[in-house]
Amino acid sequence: MKQTLVKHPKLILLFALSFGLGLFGIYLAFTDSVYTMTAVIASLFAFGFALQQTAKKMSDQEE
């Protein structure tokens, strides 16, 4: 996985985005609970998308 991330820096950006959304969700949890679940769900979707893209690139490299 590390080699794939080094070869495709765009994937690192996706992981950073999902991590940032997660931190933003934690921040919103302390300020306003209305938007907390939205940020957490967006973070999970972004993280899942980043993992999916990484797995796709890894399988393409194997072939």
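The numbers attached to residues start from 1 for each chain and follow its sequence in the written order. Reporting in this predicted model follows two pLDDT cut-offs: at least 70 for local features of residues, and 80 or more for side-chain atom pairs to be given and counted; totals over whole chains, interfaces and linings ignore these cut-offs and use all residues. Side-chain metrics in this entry use all non-hydrogen atoms of the structure; hydrogen atoms and water are not considered.

Caption draft 1: Fine view of the overall build of the protein. Helix and strand definitions here come from DSSP, where helices need a minimum of 4 consecutive H or I residues and strands a minimum of 2 consecutive E residues; each element is numbered from the N-terminal end. On a plain count of helices and strands, the protein comes out with 3 helices and 0 strands. Starting at the N terminus, the α and β elements of the protein follow one another as α-α-α. The globule rule used for comparison is 2.2 Å times the number of residues to the exponent 0.38, while the radius of gyration itself is calculated over C-alpha atoms. Relative to its length of 63 residues, the protein is extended, with a C-alpha radius of gyration of 14 Å against a globular reference of 11 Å. Exposure classes here rest on a 1.4 Å probe applied to the protein chains alone. A residue is buried below 20% of its type maximum, exposed above 50%, and partly exposed in between. For the protein, buried positions account for 24% of its 63 residues. Note on contacts: a residue pair is in contact if any heavy atoms of the two residues lie within 4.5 Å. Once local pairs closer than 6 in sequence are excluded, the contacts in the protein between residues at least 24 apart make up 62%. Methods summary: accessible areas were calculated by the Shrake-Rupley approach with a probe of 1.4 Å, and residue burial reflects only the protein chains presented. Carbon and sulfur atoms form 71% of the exposed surface of the protein, whose accessible area is close to 4900 Å².

Caption draft 2: Main features of helix α2 (residues 9-31). To estimate the expected span of a helix, subtract one from its residue number and multiply by 1.5 Å. Look at α2: 33 Å from first C-alpha to last across 23 residues, which is about the 33 Å you get at 1.5 Å a residue. Of the positions making up α2, those classed as buried are L11, L14, F15, S18, G25 and L28.

Caption draft 3: Just helix α3 (residues 36-62), in detail. Taking 1.5 Å of rise per residue, 27 residues should cover 39 Å, and α3 covers 39 Å from first to last C-alpha, within 8% of that figure. Those residues of α3 that fall on the buried side of the exposure criterion are T36, A39, S43, A46, A50, Q53 and T54.

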